[in-house]
Amino acid sequence: MIKNHAWLRPAGGIENEEKQAREEGRAMDAALIEGLRRAAQMPDSAERDALSAELYARVQACPCANDAIEPSDLPAIRRLAKGNAKTAAPAGEALLDKIYGGWLARACGCLLGKPVEGWRTEKLHPFLRATGNYPIQHYLRSDVSDSVLQAAKLERIALEKRAFIDQVDCMPEDDDTNYTLIALKILETYGRDFAPEDVAECWMQNLPILHLCTAERVAYRNFAQGYEPPASATHQNAYREWIGAQIRVDLYGYVNPGDPAAAADMAWRDACISHVKNGIYGAMWAAATIAAALGAKDGEELLCALGVDYRGIAAPYIGPQLYSAPPDRRVDPLEGCRMRWVEHETGGYWDFCDFPLKDAEDEAFDAFPVPNPDDFDYEAARAQAKAYGGQYALYV
């Protein structure tokens, strides 16, 4: 029933609004805070919707101390931003190969998490451990034994139609990847100079509202009620700084290879219809990072293009060998974790396996070799720090 779908009514998300308003820097009085807490505890009803609508409006009217340092409008964000360097993007087949690799990786990562989306630790960790897949080494399967279900406190019906690897023969439709295709549709329909209003229109013409979640569904509801961007992002939207916009913008990186500023601008025009502040910054960062990575020749050039103002340094280990590698394995020289070579149709990769302290008793922990702090080259770390010439904050 429609009433059972979340984020369609004014009270949707009201239980999150106090935390959101505090983190946003809103100066709320005691009466407003008490009202938010009372609404969060009320059952679904017309009374709760009416109270929530009033409370949302009162929150938006509260002064926000962070507005100056956390703006949502693009000119102000640009003034505060660091970095704007372009990278030399490849062209032709080389560029196509990188973009295709990005799209495949997006689908691969999405498929890994899709079947257990919404599971909490108390279910997920026992399920993974009982299937010998903790930490995760491969895709999750549904054809598990009853003992696995018992360990995770799951019914077998909970595994049905969840896109486990044994249930699919391709990447199924998902809201995360839908947004990449919608971004392509936006560019095809409105061109590179599309406006936030164009994004809203394209959503309403091509996306069913129930395929959206949290901030996106609230924004869609607001479009239908006549709220245009940026009001669509703030009206009764407790999810306005969540990560939804960040998952929508990879295509803007693909179509701006080597130009992170252009990618970030497109991401802002998309993100601002449903998000503010950190919800927007995450989207701009994701698009800019992809655009810069398509052209950067190495990690340092990528960091410079993105204006990252910190760097890592390390003292190399120069002590005796602590661990031996079994046949067909690599071993981490400092931690002893082992890796095996996993073949697939396009090559292969090294993946962690054979965790040496898995299920270990106290005696095994005590006997396990650890590096001596004296066996590190601290002068090398000092030289790395000097080489940066005071340009960056450093971490070890």
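Enquirer: What is the right way to look at the overall build of the protein chain in this model?
Expert: Looking only at helices and strands, the protein chain features 17 helices and five strands. For the protein chain, the spread of C-alpha atoms along the three principal axes comes to 70 × 55 × 50 Å. By the burial criterion, 38% of the 396 residues in the protein chain qualify as buried. Restricting to contacts in the protein chain with at least 6 residues of sequence separation, those with at least 24 account for 67%. For the protein chain, the exposed surface amounts to about 21,900 Å²; the carbon and sulfur share of it is 55%. One finds the centroid of the 41 positive side-chain charges in the protein chain at a distance of 3 Å from the centroid of its 60 negative side-chain charges.

Enquirer: Looking at this model, I keep getting lost on the nonpolar core. Mind explaining?
Expert: Generally speaking, a soluble globular protein has its nonpolar side chains buried in company with each other. W203, Y252 and M284 are the most contacted members of the largest nonpolar core, which totals 37 residues. Broken down by secondary-structure element, the contributors of at least two residues to this core are α4 (74-80), α8 (175-190), α9 (196-206), α10 (214-224), α12 (250-254), α13 (260-271) and α14 (278-295). It is α14 that contributes the most residues to this core, seven residues altogether. With residues up to four places along the chain from it excluded, the contact list for M284 reads L74, I77, A264, A267 and W268.

Enquirer: Looking at this structure, I do not really get α14. What am I missing?
Expert: One turn of the α-helix equals 3.6 residues, which is why residues spaced by three or four share an orientation. A rise of 1.5 Å per residue sets the reference length of α14, with its 18 residues, at 26 Å; its end C-alpha atoms lie 26 Å apart and thus fit the reference within 8%. In terms of burial, α14 is a largely internal element, 13 of the 18 residues being buried.

Enquirer: Can you walk me through the packing of aromatic side chains in this structure?
Expert: What characterises a pair of aromatic rings is the spacing of the ring centres plus the angle enclosed by the ring planes. Tallied over the entire structure, the rule returns 15 aromatic pairs. A ring pair is formed by W119 and F127, whose centres lie 5.3 Å apart and whose planes are at 85°; its orientation type is edge-to-face. Three or more aromatic residues joined by ring pairs make a cluster, and in this case those are Y179, W203, Y220 and F223. A cation sits over an aromatic face here: R129 above Y134, 4.2 Å from the ring centre. Here the guanidinium or amino end of R311 rests over the ring plane of Y392, the centre of that ring lying 3.9 Å away.

Enquirer: What exactly am I supposed to notice about the pattern of salt bridges here?
Expert: Summed over the entire model, instances satisfying the criterion amount to 23 salt bridges. Across the pair R141 and D143 runs a salt bridge, and its minimum N-O distance is 2.9 Å. Between E216 and R248 there is a salt bridge; the shortest N-O distance is 2.5 Å. Placement of E216 in helix α10 and of R248 in the loop between α11 (231-234) and α12 is noted, with a sequence separation of 32 residues between them. Each of E17, E24, R26, D67, R240 and K277 takes part in one network of salt bridges that share partners.

The rules behind the values
Within each chain, residues carry numbers counting from 1 in the order of the written sequence. Local features in this predicted model are restricted to residues of pLDDT 70 or higher, and side-chain atom pairs are both shown and tallied only at a pLDDT of 80 or more, whereas totals for entire chains, interfaces and linings draw on every residue. Excluding hydrogens and water, the side-chain values take into account all heavy atoms of the structure. Per the convention used, a helix needs a DSSP run of H or I reaching at least four residues, while a strand needs a run of E reaching at least two, with both numbered from the N terminus. Any residue under 20% of the maximum accessible area for its type is buried, any over 50% is exposed, and the rest in between are partly exposed; the area is computed with a 1.4 Å probe on protein chains only. Any pair of residues with heavy atoms lying within 4.5 Å of one another is described as a contacting pair. For the accessible areas, the method is Shrake-Rupley and the probe is 1.4 Å, while residue cover comes only from the protein chains on display. Working convention for charge: Lys and Arg count positive, Asp and Glu count negative, and His plus the chain ends are omitted. Taken as the charge centre is NZ of Lys, CZ of Arg, CG of Asp or CD of Glu, depending on the residue. Buried Ala, Val, Leu, Ile, Met, Phe, Trp, Tyr and Cys residues that are joined via side-chain atoms within 4.5 Å together make up what is termed a nonpolar core. Between the first and last residue of a helix there are one fewer steps than residues, each counted as 1.5 Å, and that sum is the expected span. The rule is short: rings of Phe, Tyr and Trp, with Trp giving its six-membered ring, pair when the centres are within 6.5 Å, and they are stacked under 30 degrees, edge-to-face over 60, tilted in between. In this scheme, Lys NZ or Arg CZ marks a charge over a ring once it lies within 6 Å of the ring centre and within 35 degrees of the ring normal. Salt bridges are defined by distance alone: a side-chain nitrogen of Lys or Arg within 4 Å of a carboxyl oxygen of Asp or Glu.

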